[in-house]
Amino acid sequence: MSLQDKYKELTDTAGSIGIVNLQVREQDNVLYIDGEAPNGAAKDKLWDVYGKLDPDFRSGDVVMNINVSTMAPGARATVTTQTSNLNIRKGPGTDQPIVGKAAHNDTVTLISKTNDQWWLIRTNAGEEGYAFAQYLSPQ
Amino acid sequence: MRKYQWFSGRILPAIVIAMLLLSSCKPKDSDIQASIDAIRKTTPEMTGVVASVSQGVVTLTGECKDDAAKAISEKAVTVIKGVKQVIDNCTLTPPPPPPPASVVIAPDDPLTKEVADATKDYPGVHSDVKDGVVTLTGEIKRADLKTLMMGLHTLKPKKIDNQLTIK
């Protein structure tokens, strides 16, 4: 069975929940899926389907790079760490000094995107710095 | 009175005959069509263009590959003898869709550091990056697996080899 068949439900779901700029390509036995989700919930749904088709993400035959289009400068995002505070750093990298913290479930303002991993943000307390995008969920 | 008879008897028939002769000299629509077909054979720009002729008016329809081909087709038809007007209703062929963008794989240099950043909050997880392949070993809580994976998949790896023990 080809990868496109194996993950047909995944790519079909991507189409039906409004993933834009969707690109699905197979290369060296890996299916690369790229696109932009309209919101965090759509991205979450897609990951649930992926987890169903490939339990525990064991096969290593998909790379699904889905960004959320509402992650835009000026938007607000919730800090979705496990439980701990989110470090706010002087520069985009974990080797950069910590200049502040945002609490779990706090809301911050997105200022600008450095890359897929780092955003310059501002906390409600007015602290500005770089935070890891993985722990920011758009509202 | 005699003058009138002379006119109706000699001049009028002569005028009528002359008019008939003149009109029969004009190329017929079928001649124009034949000329267009001949031109088409030597004008590659007219491929895909359909021409119809009605009373000396040529209507072009179909598809032209670009504006230049459209202009050439129109000009080639305009110069045919007997063509009074050319109505160019050709549409331009839409450009082919762009080929799918090739898969971008992050080089190991930023990737190794980014994977370290993404895994640092999961103390039981060890990562190794080689030629774009991210290998995960160690252990992780089931509740954390999806979040970790969502982060790693945005780093543009070639592949993620998940060998984690899930608790």
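Scroll up a little and you will see the structure.
Owing to the predicted nature of the structure, the values given are computational and were not obtained by experimental measurement. (Residues numbered from 1 in each chain as written. Chains lettered and ligands numbered in written order. Predicted model: local features only at pLDDT ≥ 70, side-chain atom pairs only at ≥ 80, totals over all residues. Heavy atoms only, no water.)

(A) Geometry of the overall build of chain B. On a plain count of helices and strands, chain B comes out with five helices and eight strands. When the helices and strands of chain B are placed in sequence order, the string is α-α-β-β-α-β-β-α-β-β-α-β-β. Within chain B, the fraction of its 167 residues that count as buried is 32%. As displayed, chain B has an accessible area near 10,400 Å², and 62% of this comes from carbon and sulfur atoms. (Helix = DSSP H or I, 4+ residues; strand = E, 2+ residues; numbered from the N terminus. Buried < 20%, exposed > 50% of the residue type's maximum accessible area, 1.4 Å probe, protein only. Areas by Shrake-Rupley, 256 points an atom, 1.4 Å probe, with all protein chains shown as cover.)

(B) Layout of the packing of helix α3 (residues 40–53) of chain A against helix α5 (residues 142–153) of chain B. One way to put it is that α3 of chain A packs onto α5 of chain B with a least axis distance of 11 Å and a crossing angle of 105°. The angle between α3 of chain A and α5 of chain B falls in the class roughly perpendicular. Residue-level inspection shows K43, D44, W47, D48 and Y50 of chain A of α3 of chain A in contact with α5 of chain B, the latter providing K146, M149, M150 and H153 of chain B. The residue makeup of the contact of α3 of chain A with α5 of chain B, split by class, is four nonpolar, one polar and four charged. (Axes fitted to C-alpha atoms, helices over the stretch in contact; angles between N-to-C directions. Parallel < 35°, antiparallel > 145°, perpendicular 65-115°, else oblique. Contact = heavy atoms within 4.5 Å. Nonpolar A, V, L, I, M, F, W, Y, C, P; charged D, E, K, R; others polar.)

(C) Inspection of the nonpolar core at higher detail. In terms of nonpolar packing, the biggest core is built from 55 residues, with M64 and L136 of chain A together with L136 of chain B touching the most fellow members. Those residues within four positions of M64 of chain A in sequence are excluded, and the remaining contacts are L10, I33, L46, W47 and Y50 of chain A together with H153 of chain B. (Core = buried A, V, L, I, M, F, W, Y, C linked by side-chain atoms within 4.5 Å.)

(D) Region of the structure containing a nonpolar patch on the surface. All names here are of chain B. A cluster of nonpolar residues, L12, I15 and V16, forms a patch on the protein surface that exposes about 230 Å² of accessible area. Inspection of the secondary structure puts I15 in helix α1 (residues 2–25). We classify I15 as partly exposed; its relative accessible area is 38%. (Patch = residues over 30% accessible without salt bridge, like charges linked within 9 Å, V, L, I, M, F, W, Y side chains within 5 Å. Salt bridge = Lys/Arg side-chain N within 4 Å of Asp/Glu carboxyl O.)

(E) Structural context of the interface of chain A and chain B. Chain A puts 33 residues into the contact, and the matching count from chain B is 33 residues. Interface of chain A and chain B: buried area, both sides summed, is about 2,800 Å²; carbon and sulfur atoms make up 48% of it. Between chain A and chain B we count six salt bridges in total. Between D95 of chain A and K113 of chain B there is a salt bridge, and its shortest N-O distance comes to 3.9 Å. The interface formed by chain A and chain B contains 13 residue pairs in polar contact (both at pLDDT 80 or more). Of all the elements in the fold, those that place two or more residues in the side of chain A that touches chain B are β1 (20–27), β2 (30–37), α3, β3 (62–68) and β5 (86–89) of chain A. For the side of chain A that touches chain B, the element with the highest residue contribution is β3 of chain A, accounting for six residues. Residue classes in the side of chain A that touches chain B are distributed as twelve nonpolar, eleven polar and ten charged. (Buried area = accessible area lost by both parts, 1.4 Å probe. Polar contact = N/O pair within 3.5 Å; in protein donor to acceptor, adjacent residues only side chain to side chain.)

(F) Structural view of the sheet that holds β3 of chain A. Residues and elements named next belong to chain A. Spatial ordering of the open sheet is given by β1-β2-β3, a layout of three strands whose pairing is mixed. A single partner strand is all that each edge strand has here, and the edge strands are β1 and β3. On average, adjacent strands in this sheet sit at an angle of 5° to one another, irrespective of strand direction. Lying over the sheet, helix α2 (residues 8–16) contacts β1, β2 and β3, oriented at roughly 165° with respect to β1. (Pairing = 2+ DSSP bridges.)

(G) Expanded view of the packing of α2 of chain A against α3 of chain A. All names here are of chain A. Close contact between α2 and α3 brings their axes to 9 Å; oriented N to C, the two are set at 170°. As the angle between them shows, α2 and α3 are arranged roughly antiparallel. Residue-level contacts link E9, L10, T13 and A14 of α2 to K45, L46, V49, Y50, K52 and L53 of α3. Here the residues of the contact of α2 with α3 sort into six nonpolar, one polar and three charged.

(H) Inspection of α3 of chain A at higher detail. All names here are of chain A. In a regular helix each residue adds 1.5 Å, so 14 residues correspond to 20 Å; α3 covers 20 Å between its end C-alpha atoms and thus fits that length. All buried positions along α3 are accounted for by A42, K43, L46, W47, V49 and Y50. Taken end-on, α3 shows its buried residues confined to a sector of 155°, consistent with a single buried face. Opposite its buried face, α3 presents the exposed residues A41 and K52, each directed more than 90 degrees away. (Expected span 1.5 Å × (residues − 1). Arc of directions from axis to C-beta.)

(I) Representation of the packing of aromatic side chains within the structure. All names here are of chain A. Enumeration over the complete set of coordinates arrives at six aromatic pairs over all chains. Summarising the aromatic geometry, the rings of Y50 and F57 are spaced 4.9 Å apart at their centres and angled 55° between planes, so their arrangement reads as tilted. Each member of the pair, Y50 as well as F57, is classed as buried. Here the aromatic cluster, defined as three or more aromatic residues joined through ring pairs, consists of Y7, W47, Y50 and F57. (Phe/Tyr/Trp six-rings, centres within 6.5 Å; stacked < 30°, edge-to-face > 60°.)

Functional significance is not addressed by these values, which are geometric in nature.
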